[in-house]
Amino acid sequence: MDKPSRLEAIRMIEECLAGHCTQQAAFDAFRAAASEQGLLKRKPPSIGLRKFDGVAEDLL
């Protein structure tokens, strides 16, 4: 709970809410903290993307 990346994310969100940084900067800090703590889960590719990947492989 007291990891530096989490504390930095909280600070960046507060800065964003105060209008001192961009939403993207705050989101990037939040994403980095979540990644460090193993909280991000990767979604499987969509059916359309899998089909596109198959077509791209056939072309190569």
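Residues numbered from 1 in each chain as written. Predicted model: local features only at pLDDT ≥ 70, side-chain atom pairs only at ≥ 80, totals over all residues. Heavy atoms only, no water.

1. Brief notes about the overall build of the protein chain
- When helices and strands are counted, the protein chain shows 3 helices and 0 strands.
- When the helices and strands of the protein chain are listed from N to C terminus, the series reads α-α-α.
- C-alpha extents for the protein chain along the principal axes are approximately 50 × 25 × 20 Å.
- Taken across its 60 residues, the protein chain has 13% of its residues classed as buried.
- Taken as a whole, the protein chain presents about 5,300 Å² of accessible surface, with 60% of it coming from carbon and sulfur.
- Between the centroid of the 9 positive side chains of the protein chain and the centroid of its 9 negative side chains there is a distance of 7 Å. (Helix = DSSP H or I, 4+ residues; strand = E, 2+ residues; numbered from the N terminus. Buried < 20%, exposed > 50% of the residue type's maximum accessible area, 1.4 Å probe, protein only. Areas by Shrake-Rupley, 256 points an atom, 1.4 Å probe, with all protein chains shown as cover. Lys, Arg positive; Asp, Glu negative; His and termini not counted. Charge placed at Lys NZ, Arg CZ, Asp CG, Glu CD.)

2. A closer look at helix H2 (residues 23–36)
- For H2, which comprises 14 residues, the first-to-last C-alpha distance of 20 Å matches the rise-based estimate of 20 Å (1.5 Å per residue) to within 8%.
- Listing the buried residues of H2 in full gives Ala 26, Ala 29, Ala 33 and Ala 34. Take H2 and look down its axis: the buried residues cluster within an arc of 135°, on one side only.
- The secondary structure elements touched by the buried residues of H2 are helix H1 (4–17).
- Positive phi shows up at Gly 38, right after H2, with a value of about 75°. (Expected span 1.5 Å × (residues − 1). Arc of directions from axis to C-beta. Contact = heavy atoms within 4.5 Å.)

3. What about the environment of Leu 60?
- Mapping Leu 60 onto the fold places it in the segment after helix H3 (47–59).
- Since its relative accessible area comes to 90%, Leu 60 is described here as exposed.
- Remark: the alpha-carbon pair of Leu 60 and Ser 5, spanning 55 residues in sequence, is separated by 41 Å.

4. Describing a nonpolar patch on the surface
- Together, Ile 13, Leu 17, Phe 27 and Phe 30 make up a nonpolar patch on the protein surface, roughly 420 Å² of accessible area in all.
- Mapped onto the nonpolar patch, the elements with two or more residues apiece are H1 and H2.
- Turning to its location among the elements, Leu 17 is positioned in helix H1.
- Looking at Leu 17, the relative accessible area reads 72%, which means it is exposed. (Patch = residues over 30% accessible without salt bridge, like charges linked within 9 Å, V, L, I, M, F, W, Y side chains within 5 Å. Salt bridge = Lys/Arg side-chain N within 4 Å of Asp/Glu carboxyl O.)

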